Amino acid sequence: MKMTTFDMMRVWAALTGILLAALYFMRVYEGMPASDMLPMLIAAIGGFELFLLSQEFWLRKSRRGSHG
């Protein structure tokens, strides 16, 4: 499967979000103070991914509806 540049951007965004979430939960578990910016970054990346996922479903549905 050949991935486009946009697909690779989505993969890197998802990996970054998972890494940041793991970092946040490790810091909370160890009792260390976590930066206030970290949960906002995680939420922003998650929102970006949810938007792209819903857009992909919408486009698939519209393509399927127009062909038959």
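That block above? That's the structure.
Residues numbered from 1 in each chain as written. Predicted model: local features only at pLDDT ≥ 70, side-chain atom pairs only at ≥ 80, totals over all residues. Heavy atoms only, no water.

Some thoughts on the environment of M26
Then, in step 1: Relative to the helices and strands, M26 is located in helix α1 (residues 5-29).
Then, in step 2: M26 sits 31 residues away from F57 along the chain, and the two C-alpha atoms are 33 Å apart. (Helix = DSSP H or I, 4+ residues; strand = E, 2+ residues; numbered from the N terminus.)

Regarding the environment of L52
Then, in step 1: Tracing the sequence through the fold places L52 in helix α2 (residues 37-67).
Then, in step 2: Residues L52 and A22 lie 30 residues apart in sequence; the distance between their C-alpha atoms is 22 Å.

Topic: the packing of aromatic side chains
Then, in step 1: Overall, the coordinates contain 1 aromatic pair when judged by the stated rule.
Then, in step 2: Taken together, a centroid distance of 5.5 Å and an interplanar angle of 70° make the contact between Y24 and F25 edge-to-face.
Then, in step 3: Look at Y24 and you get partly exposed, because its relative accessible area is 23%.
Then, in step 4: Judged by relative accessible area, F25 falls into the exposed class, the value being 56%. (Phe/Tyr/Trp six-rings, centres within 6.5 Å; stacked < 30°, edge-to-face > 60°. Buried < 20%, exposed > 50% of the residue type's maximum accessible area, 1.4 Å probe, protein only.)

Re the pattern of salt bridges
Then, in step 1: By the definition in use, this model includes 3 salt bridges.
Then, in step 2: A salt bridge links E49 to R10; the shortest N-O distance between them is 3.9 Å. Here E49, found in helix α2, pairs with R10, found in helix α1; they are 39 residues apart in sequence, far enough to count as distant. Residues E49 and R10 agree in their burial class; the two are buried.
Then, in step 3: A salt bridge links E56 to R10; the nearest nitrogen and oxygen atoms lie 2.7 Å apart. Placement of E56 in helix α2 and of R10 in helix α1 is noted, with a sequence separation of 46 residues between them.
Then, in step 4: Overall, the relative accessible area of 27% leaves E56 in the partly exposed class.
Then, in step 5: Three or more residues are tied together by salt bridges with common partners; here these are R10, E49, E56 and R60. (Salt bridge = Lys/Arg side-chain N within 4 Å of Asp/Glu carboxyl O.)

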